[in-house]
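# Tertiary structure, described
Spelled out from the first residue to the last, the chains are:
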Amino acid sequence: MITAPFEYARPRSVDEAQSLLNKYGSDAKVIAGGQSLIPLMRLRLSQPTALIDIQGIRGLNEVRRDNGSVEIGALVRHVDIQRNAMLRESLPILVEMSNDVGDNQVRNLGTIGGVIAHGDAAGDYNAVALMLDAEIITNKRRHQARDFYRDIFTTALEHDEVVTAVRFPVSTGRFAYTKFRRRLYDWAIAGVAVQETGSSWRVGYVNLATTPRRGSAVEAALAGGASAADAAAQSGSDIDPTSDVRATAEYKRHLTQVLTVRTLQKATMAA
Amino acid sequence: MAVTSMIGARIQRREDPKLITGHGNFIDDVNLVNMAHMSVVRSPHAHARIRSIDTSAAMASKGVVAVLTAADFKPVIGGPLPVTNSFVADKKQVPEQFPIAADEVAYAGEPVAVVVADDRYLADDAAQLVVVDYEPLPAVMDIEKAMEPGSPLVKSDRPDNIGWDAAFPGGDIDAAFAEADVVLKQRIGQQRVFPTAMETRGCVADYIPYDNRCTLWTSTQVPHFIRLFVGGALGVPESQFRVVSHDVGGGFGAKLRPYPEEYLATAASKLTERPVKWIEDRTESLQATTQGRGQIFDVEVAAKRDGTLLGLKFTQLLDIGAYHGVFSAFQVVACLLGGGCYTWKAINARSIGVFTNRMSTDPYRGAGRPEATHLVERIVDLVALELGMEPAEVRRKNFITSFPHTNNFGLVYDSGEYAKSLDRAMANIDYPALRKRQEELRAQGRYTGIGFSTYVEICGLGPSSATAPAAGIALVESSMVRVHPTGSVTVSVGTHSHGQGHETTFAQIVADTLGVPYDSVEIRHGDTGDTPFGYGTYGSRSLAVGGMAIMASCHKVVEKAKKLAAHAFEASEEDIVVDQGRYFVRGNPSEAKALAELAFASYGAGLPEGMEHGLEAVSYFDPPNFVWPFGCHICAVEVDPETGGVSIDRYVAVDDCGNVINPMVVDGQLHGGIAQGISQALFEEVLYDDETGQMLTGTMLDYFIPTMAEMPHFELDRTVTPSPTNELGVKGIGEAGTIASSIAVINAITDALTPFGIKHVEMPARPDRLWSMIKEARA
Ligand SMILES: Cc1cc2nc3c(=O)[nH]c(=O)nc-3n(C[C@H](O)[C@H](O)[C@H](O)COP(=O)(O)OP(=O)(O)OC[C@H]3O[C@@H](n4cnc5c(N)ncnc54)[C@H](O)[C@@H]3O)c2cc1C
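Residues numbered from 1 in each chain as written. Chains lettered and ligands numbered in written order. Predicted model: local features only at pLDDT ≥ 70, side-chain atom pairs only at ≥ 80, totals over all residues. Heavy atoms only, no water.

## As for the overall build of chain B
Counting secondary structure elements, chain B contains 21 helices and 29 strands. Computed over its C-alpha atoms, the radius of gyration of chain B comes to 27 Å, within 12% of the 28 Å expected for a compact globule of 779 residues. In terms of overall dimensions, chain B has a C-alpha envelope of 90 × 75 × 50 Å along the principal axes. With 779 residues in all, chain B has 64% of them scored as buried. About 26800 Å² of surface is accessible on chain B, with carbon and sulfur atoms providing 53% of the total. Each charge class in chain B was averaged separately, 66 positive and 97 negative side chains, and the resulting centres sit 2 Å apart. (Helix = DSSP H or I, 4+ residues; strand = E, 2+ residues; numbered from the N terminus. Rg over C-alpha atoms; globule rule 2.2 N^0.38 Å. Buried < 20%, exposed > 50% of the residue type's maximum accessible area, 1.4 Å probe, protein only. Areas by Shrake-Rupley, 256 points an atom, 1.4 Å probe, with all protein chains shown as cover. Lys, Arg positive; Asp, Glu negative; His and termini not counted. Charge placed at Lys NZ, Arg CZ, Asp CG, Glu CD.)

## Topic: the interface of chain B and chain A
The partner chain A presents 26 residues to the 33 residues of chain B that form the contact. Summing both sides of the interface, chain B and chain A together bury roughly 2600 Å²; the carbon and sulfur share of this comes to 56%. Residue Lys775 of chain B is joined to Glu250 of chain A by a salt bridge in which the shortest nitrogen-to-oxygen separation is 2.4 Å. At the junction of chain B with chain A, the criterion picks out 19 residue pairs in polar contact (both at pLDDT 80 or more). (Contact = heavy atoms within 4.5 Å. Buried area = accessible area lost by both parts, 1.4 Å probe. Salt bridge = Lys/Arg side-chain N within 4 Å of Asp/Glu carboxyl O. Polar contact = N/O pair within 3.5 Å; in protein donor to acceptor, adjacent residues only side chain to side chain.)

## Focus: the site of the ligand
All names here are of chain A. As a matter of local geometry, the ligand sits amid 32 residues, with Val30, Ser36, Thr111, Asp124 and Lys179 nearest to it. In this structure, Ala32 approaches the ligand through a main-chain N or O atom, which is 2.8 Å from an oxygen atom. Measuring from an oxygen atom of the ligand, one finds a side-chain N or O atom of Ser36 at 2.6 Å. Taken by itself the ligand offers 960 Å² of open surface, and the protein chains cover 92% of this. The set of elements that each furnish at least two residues to the shell around the ligand consists of strand 2 (28–31) and helix 7 (112–118). Ranked by the residues each element gives to the shell around the ligand, the list is headed by helix 7, at five residues. Per-class residue counts for the shell around the ligand are 15 nonpolar, twelve polar and five charged. (Near = heavy atom within 4 Å. Nonpolar A, V, L, I, M, F, W, Y, C, P; charged D, E, K, R; others polar.)

## Quick word on the sheet that holds strand 13 (residues 200–206) of chain A
All names here are of chain A. Strand order across the open sheet formed by four strands is 11-12-13-14, with antiparallel pairing between neighbours. Here the strands that pair on one side only, and so sit at the sheet edges, are strand 11 (175–180) and strand 14 (213–214). Bridge analysis of strand 12 (residues 190–197) against strand 13 gives seven bridges, and the strand direction is antiparallel. Looking at the pairing, Val194 lines up with Val203 of strand 13. The strands touched by helix 8 (residues 124–131) are strand 11, strand 12, strand 13 and strand 14; relative to strand 13, the strand with the most contacts, the crossing angle is about 145 degrees. Packing against the sheet, helix 10 (residues 216–223) makes contact with strand 13 and strand 14, and its axis sits at approximately 160 degrees to strand 13. (Pairing = 2+ DSSP bridges. Axes fitted to C-alpha atoms, helices over the stretch in contact; angles between N-to-C directions.)

## Considering the environment of Asp702 of chain B
Among the structural elements, Asp702 of chain B can be located in the loop between helix 19 (663–682) and strand 29 (714–718). Through-space distance from the C-alpha of Asp702 of chain B to that of Glu685 of chain B is 9.6 Å; in sequence the pair is 17 residues apart. With residues up to four places along the chain from it excluded, the contact list for Asp702 of chain B reads Val245 and Arg246 of chain A together with Leu696 and Thr697 of chain B. For Asp702 of chain B, the side chain forms a polar contact with the side chain of Arg246 of chain A, separated by 3.4 Å.

## A word on the environment of Lys266 of chain A
All names here are of chain A. With respect to the secondary-structure elements, Lys266 resides in helix 12 (residues 249–270). Residue class for Lys266 comes out partly exposed when judged on its relative accessible area of 37%. When the C-alpha positions of Lys266 and Thr178 are compared, they lie 9.0 Å apart, and in sequence the two are 88 residues distant. Residues within four places of Lys266 in sequence aside, it is in contact with Ala176, Tyr177 and Thr178. Polar contacts involving the side chain of Lys266 include one to the main-chain carbonyl oxygen of Tyr177, which spans 3.1 Å.

## Here we look at the layout of surface pockets
Gaps left between atoms show up when a probe the size of a water molecule is rolled over them. Residue and element names in this part refer to chain B. Reported here for the second largest pocket is a volume of approximately 620 Å³. Of all the secondary structure elements, the ones that give two or more residues to the lining of the second largest pocket are helix 5 (143–147), strand 9 (182–193) and strand 14 (292–303). The biggest single contributor to the lining of the second largest pocket is strand 9, with five residues. A breakdown of the residues in the lining of the second largest pocket according to their chemical character gives eight nonpolar, five polar and nine charged. (1 Å grid on protein atoms, 1.4 Å probe; cavity = no way out; pocket = protein on both sides within 12 Å on 5 of 7 lines; lining within 4 Å. Points joined across faces, edges and corners; volume = space filled by probe spheres on them.)

## As for the domain arrangement of chain B
Residue and element names in this part refer to chain B. Domain annotation of chain B identifies domain 1 (414–471 + 624–779) and domain 2 (477–621). For domain 1 and domain 2, the distance between their C-alpha centres works out to 40 Å. Each partner contributes to the interface: domain 1 provides 19 residues, whereas domain 2 provides 18 residues. Summed over both sides, the interface of domain 1 with domain 2 buries roughly 1400 Å², with 65% coming from carbon and sulfur. It is Leu461, Ile661 and Leu728 that lose the most area in domain 1 upon contact with domain 2, and together they represent 37% of the buried surface on that side. For the interface between domain 1 and domain 2, the tally reads zero salt bridges. The tally of links from domain 1 across to domain 2 stands at eight residue pairs in polar contact (both at pLDDT 80 or more). Split by residue class, the side of domain 1 that touches domain 2 holds nine nonpolar, seven polar and three charged. (Domains from an automatic or database assignment.)

## Here we look at the pattern of salt bridges
As enumerated under the stated definition, the model contains 75 salt bridges over all chains in all. Here Asp160 of chain A ties to Lys140 of chain A by a salt bridge, and the two come within 2.6 Å at their closest N and O atoms. Of this pair, Asp160 of chain A sits in the loop between strand 9 (154–155) and strand 10 (163–169) while Lys140 of chain A sits in the loop between strand 6 (135–138) and strand 7 (142–144), and the two are 20 residues apart along the sequence. By relative accessible area, Asp160 of chain A is classed as buried at 10%. Overall, the relative accessible area of 36% leaves Lys140 of chain A in the partly exposed class. Where Arg395 of chain B meets Glu377 of chain B, a salt bridge forms, and the shortest distance between an N and an O atom there is 2.8 Å. Taken together, the positions of Arg395 of chain B in helix 12 (residues 391–398) and Glu377 of chain B in helix 11 (residues 369–387) put the pair 18 residues apart, joining distant regions of the chain.

## Description of the pairing of strand 29 of chain B
Residues and elements named next belong to chain B. As judged from the five bridges shared by strand 28 (residues 646–656) and strand 29, these two strands associate in the parallel manner. Along strand 29, the bridge assignment pairs Tyr651 with Phe714. Crossover connection from strand 28 via helix 19 to parallel strand 29: handedness right-handed. (Right-handed = clockwise from strand over helix to strand, strands pointing away.)

## Topic: the sheet that holds strand 2 of chain A
Residue and element names in this part refer to chain A. Taking strand neighbours across the sheet as the criterion, the three strands line up as 1-3-2 in an open arrangement whose pairing is parallel. Each edge of the open sheet carries a strand with a single partner, namely strand 1 (7–9) and strand 2. When the angles between neighbouring strand axes are averaged without regard to direction, this sheet yields 25 degrees. Bridge analysis of strand 1 against strand 3 (residues 50–53) gives three bridges, and the strand direction is parallel. Bridging from a neighbouring strand, Tyr8 pairs with Leu51 of strand 3. Against the sheet, helix 1 (residues 14–24) touches strand 1, strand 2 and strand 3, its axis set at about 180 degrees to strand 3.

## Digging into the packing of aromatic side chains
All names here are of chain B. Tallied over the full model, the rule gives 17 aromatic pairs over all chains. For the pair Phe327 and Tyr538, a centre-to-centre distance of 6.5 Å together with 25 degrees between the ring planes defines the contact as stacked. Of this pair, Phe327 sits in the loop between strand 15 (309–321) and helix 10 (333–336) while Tyr538 sits in the loop between strand 22 (521–524) and helix 17 (542–569), placing them 211 residues apart in sequence. Taken as a pair, Phe327 and Tyr538 share a single burial class, namely buried. Taken together, a centroid distance of 5.3 Å and an interplanar angle of 90 degrees make the contact between Phe533 and Tyr535 edge-to-face. Ring pairs connect the aromatic residues Tyr342, Phe399, Phe403, Tyr418 and Phe630, which therefore count as one cluster. Over the ring of Phe355 we find Arg158; its NZ or CZ atom is 4.6 Å from the centre of that ring. Geometry around Tyr259 places Arg201 over its ring, the cationic atom sitting 3.6 Å from the centre. (Phe/Tyr/Trp six-rings, centres within 6.5 Å; stacked < 30°, edge-to-face > 60°. Lys NZ or Arg CZ within 6 Å of the ring centre and 35° of its normal.)

Set out below in structure tokens:
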């Protein structure tokens, strides 16, 4: 429960963070809220030799809306999302999700940049980033979410890349998110997000494969006029769950169908 | 007894302001000058031979004071850990466990080396540098496979994997079964669970060379017991060995034994001549603190068509782990209580303790009684289902109704009114309305269920007549009551609170019995340096046994105070009346002396001829019997057949623990107890990989401790049937909630699923498992 030894640096700018990452080399890591990284370090599953703490960098905690998109700074915390009135109008599904991320302590520290960079399939926002075609902005380039999530905890980020913001299209259509879990503060055993954009539906899956997944087959079925139940029956090809201490893979597949139907119903009934 | 004002009062716990404002004094709050820190290197293998241990890199690491292995400890620790397995008489195998493995490890988490360093960080860093060369051996994880002849052995020096095999015959079982109209069989599991105290274990050992003197601060339920064994092994007499345990953040049975680390830290202090602190981290705790349950019951029941219960046969297969827990064999009490609160012609039980390559099991809140209740309440529901009877009716028909009642194994239930608590619980939950609603909802495709648990349990451990066979133990309890010259009172006791609120409830008893203000009474416990020898706190014994020891000392003090009053009033002792702490001559209450005045006199000049100075007494109480709390819990659930998710709609409990000292404390014990039972029913399960023996639930992320949000509102109520066993009329309540609750939930779920033809559900009732059962039943 005690981390391996590490160096610590607190840069004042993104450039400085980048040069520190290069200076300390490939075993250095960015730390933001620490809510994913520190649990791993505590178990010594991750043993970075240096932590580059980006929390002192100005300007990374802003939320802006322009030209049909919202840009959320990497250091915007879950609690900031929960309380942001503009986001509630422009991207309500993210606000809804933020209410149920971890517990108060986690929401007070964890950041959206951390969720994205960590690339955890169980990170709720990742599914929304993927399904809404978000853009991940770093010190070096702009990534399209659809090309970003590569494998388990693996993203397209390079070692010295710092996420500075995430850009989502303003999404004000009907939406719903269902997070199936057994404890209030827990991660999703399975999560299903749906968002209406224009005349079509976007579907995203949380923790149902090694990466976040988009419900492309379900979306296509819905676009073709299928009922919620018939469309949900297609979810099997969108996901690839594994058995773990929480549930069997078979159950997760079934659950995904059930939750997809229920989430679509919730979204359409809420409107 | 005088008119009481404090006994029965619903007052807030005096320990809470300190605890909830962060002013508690837990083990990690103990810091000594020059203190070093210990980190334990543990086996990553469930079973392996140790070829060699290379400590050189660790030794060279920054800040390291010592790296110690079994070879270093052997000369300092004289002998193995204690085992009290004498509860079982038949065949038994009691392998010795030295606190640290020498050449073979038998569970993942077994200590193989310790590092002592200047701080905890350096100790943990160096611990990673200890190189142990292991030769992995096959791990034995399955209880039934372990019993097979030719099974790999849990440890290679043992003849087989059987720890005990004990028969408990209770009457003519064949005759009972011969009368049966129905015979039903069921296998019922009890998964392993973590006791999960909020404060993990930990200790600080301060051995003073030259004096051969030692102080051990440790987080424990049993300070005197620790002193006896750790002091004994280290060769430090009790007079020189002080065990101190301040606030303890929960124990649940897992802190009622001496542990390897207590020996190792003490020995390390001796070897390094520095105070040594060890604090268990959560992952260590999950691996290396004793676990609860881990049992399988194969049960067979015989009943008549009218619902009369006749006979019960069952075998308990108990997963001991690699070594006996100090009190693992106590869990066979499940056999003796397997008949629950019903009359049986005969019960025939057998317990087989089986070694596996896991951490030991040991008592966990309820220890054997939750298993017994789960078993019998499940079986009674199966009988009801088979006969098409109301579950409540089968219960009512078979309740024990006259007391004292001697059960099939000769245990004597002291008092009870089982039908009364059942009636009350049914009224509180409005049972007829609930059943009607169930019908309506079923028609709509919704599945609700109602589950009963009518329980009786044995606690207040224990009369020496009953415990004597266990290595001559007398589980008596002690107190010392000292009235100071100006009337304040110090009460030192051998029990030790680990969250129960003794400082409040014991002071309530003393205030009433001595007739002194509640605020003038100080309760001391947890420090062997200023408390009389006691066996500690477990088995819901602290009030029924420890509280009675306090009463006994108070009575002695009152007797002496009467003599002092008689002397002061120049009256005869027979004429002295004591009324709420006022001592006066019969007929003259206006001229009274308070206890404080008599106390002052007792330390001054002019005492009666031959009277010693002072006003104090020491007492030991050996109860004539156990005490037998009981009650009825009813749970109402809804199961979502599509997800297998369970929601608890209502939870009603009517408990009877005899007279109540403080209703708020009783309610608190019930809340925590019920939560732990519900948690076992729905959430918790220690999982190990069957092949490798690696723990799969090694963090709190993967081990499901629910939160308040997952708990229903507990609707508590009580009946009061005083115990005839003790003057206070009290029974224990520390474990009753856990004993009753798991099966109330499981019976409710089973009831909800009967339309699918499902008759039995195992714990934990995880959504995926319920869904699979429903799916199979539908197919
Ligand atoms: C008990 C608990 C429950 C939780 N439950 C949930 C849940 O239900 N849903 C959920 O989504 N999350 C959950 N979380 C995780 C939480 O949301 C984390 O806050 C989030 O995953 C990571 O954000 P962080 O700022 O804490 O990142 P950190 O832990 O600081 O970093 C995580 C990773 O991202 C990298 N990183 C961080 N920021 C950047 C950046 N700007 N640029 C480049 N790399 C970066 C780090 O190097 C590290 O590898 C839970 C956490 C805990 C402890």
